[in-house]
Amino acid sequence: EEGLHPTQYPWEHTKWTKTFDHNSLRRGFQVYREVCAACHSLKRIPYRSLVGTMMTVDEAKALAEENEYDTDPNDEGEIEKRPGKLSDYIPSPYKNDEAARAANNGALPPDLSLMVKARHGGCNYIFSLLTGYPEEPPAGATVQSGLNFNPYFPGTGIAMARVLYDGLVEYEDGTAATASQMAKDVVEFLNWTAEPEMDERKKMGIKVMIIGTALLALSGWVKRYKWAGIK
Ligand code: HEM
């Protein structure tokens, strides 16, 4: 059963001449950390990838150091704890899938790293899902106990409750943290986690177009010049 078709939003960062809004990425990562990270992992993202895209090297180091990681076994085979470093990956909220399900009524909060690419509708779907919980399910709708009504979720009964409410986080850049602003920022951030090379790819694409056009024009001129005497 398909969910309600998500609204098509005019995402700036998906246009071919535009890059991610890196202030939005920084805010979106804050939303991930303060809200989503309680239940969702982001397994494919190392701290080092945050440097330059949304924070300074010192900020990323400090963030990594907030978590502990296992050392490699020493000669006696002992594993110890060490503070995180830039090459470490963002830790998962649960030890394994069983623990994750146990904490979520049997449902598994999926890893969000590639979610924008994995779900039909991408950014529009996730934004619609996060902002689309009605106050009450519509009259006549049946919602299984333990599930929440969301028309955008295929089947409409989702184990995740509404999480975004106005003012839930406080943005350091002064942006008003409305539910829709947080949803926009976290979706843009999740698009970055799924396609961290997007900015580079677009810049390269534009170079290819410029150089390609120049070479095409040149070859046109050479052709006319070479064939001029034969006509
Ligand atoms: C599912 C995003 C916060 C628990 C999902 C899905 C997305 C998502 C995209 C997948 C929906 C699908 O399968 O199509 C987010 C974002 C969050 C957030 C961006 C923060 C803004 C949370 C929190 C919890 C949670 C805080 C736990 C309290 C779950 C669970 C599912 C889920 C259990 C599985 C739902 C099901 O299969 O029925 N979330 N989530 N999420 N989320 Fe979240």
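Rules and cut-offs
Residues numbered from 1 in each chain as written. Predicted model: local features only at pLDDT ≥ 70, side-chain atom pairs only at ≥ 80, totals over all residues. Heavy atoms only, no water. Donors = N, O, S within 2.8 Å, 3.2 Å for Na, K, Ca; no water. Tetrahedral: all angles 85-135°; square planar, octahedral: opposite > 155°, others 65-115°. Helix = DSSP H or I, 4+ residues; strand = E, 2+ residues; numbered from the N terminus. Buried < 20%, exposed > 50% of the residue type's maximum accessible area, 1.4 Å probe, protein only. 1 Å grid on protein atoms, 1.4 Å probe; cavity = no way out; pocket = protein on both sides within 12 Å on 5 of 7 lines; lining within 4 Å. Points joined across faces, edges and corners; volume = space filled by probe spheres on them. Nonpolar A, V, L, I, M, F, W, Y, C, P; charged D, E, K, R; others polar. pLDDT = per-residue confidence, 0-100. Axes fitted to C-alpha atoms, helices over the stretch in contact; angles between N-to-C directions. Parallel < 35°, antiparallel > 145°, perpendicular 65-115°, else oblique. Contact = heavy atoms within 4.5 Å. Near = heavy atom within 4 Å. Polar contact = N/O pair within 3.5 Å; in protein donor to acceptor, adjacent residues only side chain to side chain. Sits in = over half its atoms within 2 Å of the grid points. Patch = residues over 30% accessible without salt bridge, like charges linked within 9 Å, V, L, I, M, F, W, Y side chains within 5 Å. Areas by Shrake-Rupley, 256 points an atom, 1.4 Å probe, with all protein chains shown as cover. Salt bridge = Lys/Arg side-chain N within 4 Å of Asp/Glu carboxyl O. Lys, Arg positive; Asp, Glu negative; His and termini not counted. Charge placed at Lys NZ, Arg CZ, Asp CG, Glu CD. Phe/Tyr/Trp six-rings, centres within 6.5 Å; stacked < 30°, edge-to-face > 60°. Lys NZ or Arg CZ within 6 Å of the ring centre and 35° of its normal.

Participant: Please clarify how the coordination of the iron atom of the ligand should be interpreted in this entry.
Facilitator: As a benchmark, a tetrahedral metal site with four donors has ideal angles of 109.5 degrees, while an octahedral site with six donors has ideal angles of 90 or 180 degrees. Coordination of the iron atom of the ligand by the protein is provided by His 40 (NE2) and Met 160 (SD), with metal-donor distances spanning 2.0 to 2.1 Å. Metal-centred angles of 84 to 178° between the six donor atoms at the iron atom of the ligand mark the site as octahedral. In this pair, His 40 sits in the loop between α1 (22–34) and α2 (57–65) while Met 160 sits in the loop between β4 (157–158) and α6 (179–194), placing the two residues 120 residues apart along the sequence. Assessed through its relative accessible area of 10%, His 40 is described here as buried. The partly exposed category is assigned to Met 160, whose relative accessible area is 24%.

Participant: Would you mind showing me how to read the layout of surface pockets here?
Facilitator: Rolling a probe over the atoms, with the probe sized like a water molecule, indicates the empty space that remains. Estimates place the volume of the largest pocket at around 620 Å³. Lining the largest pocket are 28 residues, with His 40, Pro 109, Pro 110, Ile 158 and Met 160 sitting closest to its centre. If you list the elements that add at least two residues to the lining of the largest pocket, you get α5 (122–131) and α6. Here the lining of the largest pocket gets four residues from one element, more than from any other, and that element is α5. Class assignment of the residues belonging to the lining of the largest pocket gives a composition of 25 nonpolar, two polar and one charged.

Participant: Looking at this model, I keep getting lost on the confidence of the model for the protein. Mind explaining?
Facilitator: It should be kept in mind that the predicted coordinates are not to be read in detail where pLDDT is low. In this model, the protein carries an average pLDDT of 96, and 99% of its residues clear a pLDDT of 70 or more. Two numbers describe this predicted complex: its pTM, 0.93, and its ipTM, 0.99.

Participant: How should the packing of α1 against α6 be read in this particular structure?
Facilitator: What describes two packed helices is the angle between their axes and the distance between those same axes. Relative orientation of the contacting elements α1 and α6 amounts to 100°, with a least axis distance of 7 Å. Between α1 and α6, the angle is such that the two are roughly perpendicular. When α1 is examined against α6, the residues Ser 24, Leu 25, Arg 27, Gly 28, Phe 29, Val 31 and Tyr 32 are found in contact with a partner set consisting of Gln 181, Met 182, Lys 184, Asp 185, Val 186, Glu 188, Phe 189 and Trp 192. Looking at the contact of α1 with α6 residue by residue, the classes come out as eight nonpolar, three polar and four charged.

Participant: What am I meant to see in the site of the ligand here?
Facilitator: If you check the shell around the ligand, you find 21 residues, and the closest are Cys 36, Cys 39, His 40, Tyr 125 and Met 160. Arg 119 is positioned with one of its side-chain polar atoms (N or O) 2.8 Å from an oxygen atom of the ligand. Tyr 125 is positioned such that a nitrogen or oxygen atom in its side chain is 2.5 Å from an oxygen atom of the ligand. Judged by the fraction of its atoms near the pocket grid, the ligand is located in the largest pocket. When residues of the shell around the ligand are assigned to their parent elements, the largest contribution, three residues, is made by α5. Tallied by class, the residues present in the shell around the ligand amount to 18 nonpolar, two polar and one charged.

Participant: I'm lost on the side chain of His 13 in this one. Help?
Facilitator: Summarising the element assignment, His 13 is placed in the segment before α1. Accessibility expressed as a relative area gives 1% for His 13, which makes it buried. Within the structure, His 13 has its side chain in polar contact with the side chain of Asn 191 (distance 2.8 Å). Those residues in contact with His 13, other than ones at most four positions away along the chain, are Lys 18, Thr 19, Phe 20, Cys 123, Glu 188, Asn 191, Met 198 and Lys 202.

Participant: Which parts of the structure should I look at to understand a negative patch on the surface?
Facilitator: Taken together, Asp 75, Glu 76, Glu 78 and Glu 80 make up a surface patch of like negative charges. Checked against the element boundaries, Glu 76 lands in the loop between β1 (68–70) and β2 (81–83).

Participant: What exactly am I supposed to notice about the packing of aromatic side chains here?
Facilitator: Both the distance between ring centres and the angle between the ring planes are used here to describe each pair of aromatic rings. The full count for this structure, using the stated rule, is eight aromatic pairs. Arranged with centres 5.6 Å apart and planes meeting at 15°, the rings of Trp 221 and Tyr 225 form a pair that is stacked. Highlighted residues: Trp 221 and Tyr 225, both in helix α7 (residues 198–227), separated by four residues, approximately one helical turn. For the residue pair Trp 221 and Tyr 225, the accessibility class agrees, reading exposed in each case. Taken together through their ring pairs, the aromatic side chains of Phe 29, Tyr 32, Phe 189 and Trp 192 make up a single cluster. Of note, Arg 27 hangs over the ring of Tyr 171, and the distance from its end group to the ring centre comes to 5.7 Å. For Lys 223, the ring lying beneath its charged end belongs to Trp 227, and the centroid distance is 6.0 Å.

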